[in-house]
Amino acid sequence: MSNTIRVYDEVLPVEWCENLIELFESNPDHHHILDTRNKSPKFTELCVNRVSKQHVTGLVQFVRKIYDKYKRDIGLRYIPDFQFLEEFRVKRYLVGNGDCFNEHVDIQREQTAKRAVSFLFYLNTCEGSTIFTRQELNISPKCGSVVVFNPTWEYPHKGLPPTVDSKYVMSTYLHYPNMPYHNNPYEKGNI
């Protein structure tokens with residue numbers, strides 16, 4: 001089952017990682033705090049697309065390059081072409097205040113069902129692993145690395161809380177292409 005989970009090191013240069021952390025820290029007015037009242041998930045995030053369009057252009061190129069490698073590595077015929085990406089979100093998990101992301105999957109409702117591939121970038125090296133529970137896979141955050149995986153129910157994972165240094169990650173998702181309803185063979189009247 002873990003044959004479609006890949007970790008690629010040194011995908012983002014250290015300078016980019018540091019710059020993204022600085023972008024996060026210097027834009028507190030754009031932070032979104034997710035706090036579900038003593039439950040997980042709990043973290044603070046920043047949508048890069050809304051704060052720095054110039055970062056997005058470069059990030060798309062990094063994702064495109066790693067996605068091409070991922071497609072070659074897994075060798076699956078039906079994986080979607082690179083067309084649509086979700087916004088880039090930097091998340092910060094602080095030490096000692098309960099920040100973490102308990103077990104979850106990245107597709108949980110209709111709004112997120114368009115996600116085809118997940119990309120989780122580590123912007124700093126720290127403790128606070130990502131655990132894929134069904135695959136018994138423990139991935140330690142390493143600055144500049146990315147985990148690429150399937151976002152569906154077969155890949156539950158969790159982000160452990162950091163214990164020494166804050167943890168910074170960035171996520172995005174490759175979307176399935178939009179399909180116009182008039183091409184739907186199951187639409188009423190076309191059956």
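Parameters at a glance
- Residues numbered from 1 in each chain as written.
- Predicted model: local features only at pLDDT ≥ 70, side-chain atom pairs only at ≥ 80, totals over all residues.
- Heavy atoms only, no water.
- Helix = DSSP H or I, 4+ residues; strand = E, 2+ residues; numbered from the N terminus.
- Buried < 20%, exposed > 50% of the residue type's maximum accessible area, 1.4 Å probe, protein only.
- Contact = heavy atoms within 4.5 Å.
- Areas by Shrake-Rupley, 256 points an atom, 1.4 Å probe, with all protein chains shown as cover.
- Polar contact = N/O pair within 3.5 Å; in protein donor to acceptor, adjacent residues only side chain to side chain.
- 1 Å grid on protein atoms, 1.4 Å probe; cavity = no way out; pocket = protein on both sides within 12 Å on 5 of 7 lines; lining within 4 Å.
- Points joined across faces, edges and corners; volume = space filled by probe spheres on them.
- Nonpolar A, V, L, I, M, F, W, Y, C, P; charged D, E, K, R; others polar.
- Phe/Tyr/Trp six-rings, centres within 6.5 Å; stacked < 30°, edge-to-face > 60°.
- Lys NZ or Arg CZ within 6 Å of the ring centre and 35° of its normal.
- Axes fitted to C-alpha atoms, helices over the stretch in contact; angles between N-to-C directions.
- Parallel < 35°, antiparallel > 145°, perpendicular 65-115°, else oblique.
- Left-handed = near helix turned anticlockwise from the far one by under 90°.

Trainee: Help me out: how do you make sense of the overall build of the protein in this one?
Mentor: Tallying secondary structure elements over the protein gives three helices and 12 strands in all. Residue burial in the protein is summarised as follows: out of 191 residues, 47% are buried. Of the contacts formed within the protein by residues at least 6 apart in sequence, a portion of 76% connects residues at least 24 apart. When the accessible area of the protein is evaluated, it comes to approximately 11000 Å², of which 49% is carbon and sulfur surface.

Trainee: It is not clear to me how the side chain of His55 should be interpreted in this structure. Could you clarify?
Mentor: One can find His55 in helix α3 (residues 53–74). Of the polar contacts made by the side chain of His55, one reaches the side chain of Ser52; its length is 2.4 Å. Sequence-distant contacts of His55, that is, excluding residues within four places in its chain, are made with Trp16, Asn19, Leu20, Leu23 and Val48.

Trainee: Help me understand the layout of surface pockets in this model?
Mentor: It is a probe the size of a water molecule, rolled over the atoms, that shows where empty space is left. Its volume calculated, the largest pocket comes out at about 790 Å³. Lining the largest pocket are 37 residues; nearest its centre among them are Lys91, Phe101, Asp106, Arg115 and Tyr173. Of all elements in the fold, only β2 (31–35), β3 (42–47), β5 (89–93), β6 (101–104), β7 (115–122), β11 (157–159) and β12 (167–175) reach the threshold of two or more residues within the lining of the largest pocket. The dominant element in the lining of the largest pocket, judged by the number of residues it contributes, is β12, at five residues. Residue composition of the lining of the largest pocket, by class: 12 nonpolar, 13 polar and 12 charged.

Trainee: Quick question: what am I supposed to make of the side chain of Asp99 here?
Mentor: As for its position among the elements, Asp99 is in the loop between β5 and β6. Polar contacts involving the side chain of Asp99 include one to the side chain of Lys42, which spans 3.4 Å. Look past the residues within four positions of Asp99 in its chain and what remains in contact with it is Lys42, Phe43, Arg92, Tyr93, Leu94, Pro161 and Pro162.

Trainee: Could you clarify how one ought to interpret the packing of aromatic side chains in this entry?
Mentor: The description of two aromatic rings rests on the distance between their centres and on the angle between their planes. Enumeration according to the criterion identifies eight aromatic pairs in this entry. Pairing Trp16 with Phe62 gives two aromatic rings, centres 5.1 Å apart and planes at 85°, and the pair type is edge-to-face. Of this pair, Trp16 sits in helix α1 (residues 14–25) while Phe62 sits in helix α3, and the two are 46 residues apart along the sequence. Seen from their ring centres, Phe132 and Phe149 are 4.9 Å apart, and the 80° between their planes marks the pair as edge-to-face. Here the residue Phe132 occupies a position in strand β8 (residues 130–132), and Phe149 occupies one in strand β10 (residues 146–149), the gap between them amounting to 17 residues. Across the pair, exposure class does not vary: Phe132 and Phe149 are buried alike. One aromatic cluster is present, formed by Tyr67, Tyr70, Phe82 and Phe119 through successive ring pairs. Across from the ring centre of Tyr93, 4.8 Å away, lies the NZ or CZ of Lys167, which sits over that ring.

Trainee: Looking at this structure, I do not really get the packing of α1 against α3. What am I missing?
Mentor: It is the contact of α1 with α3, at a shortest axis distance of 13 Å, that shows an interaxial angle of 140°. By the angle class used here, α1 and α3 are oblique. Viewed along their axes, α1 and α3 form a crossing whose handedness is left-handed. Together, Trp16, Asn19, Leu20 and Leu23 of α1 and His55, Gly58, Leu59 and Phe62 of α3 make up the contact between the two elements. Per-class residue counts for the contact of α1 with α3 are five nonpolar, three polar and no charged.

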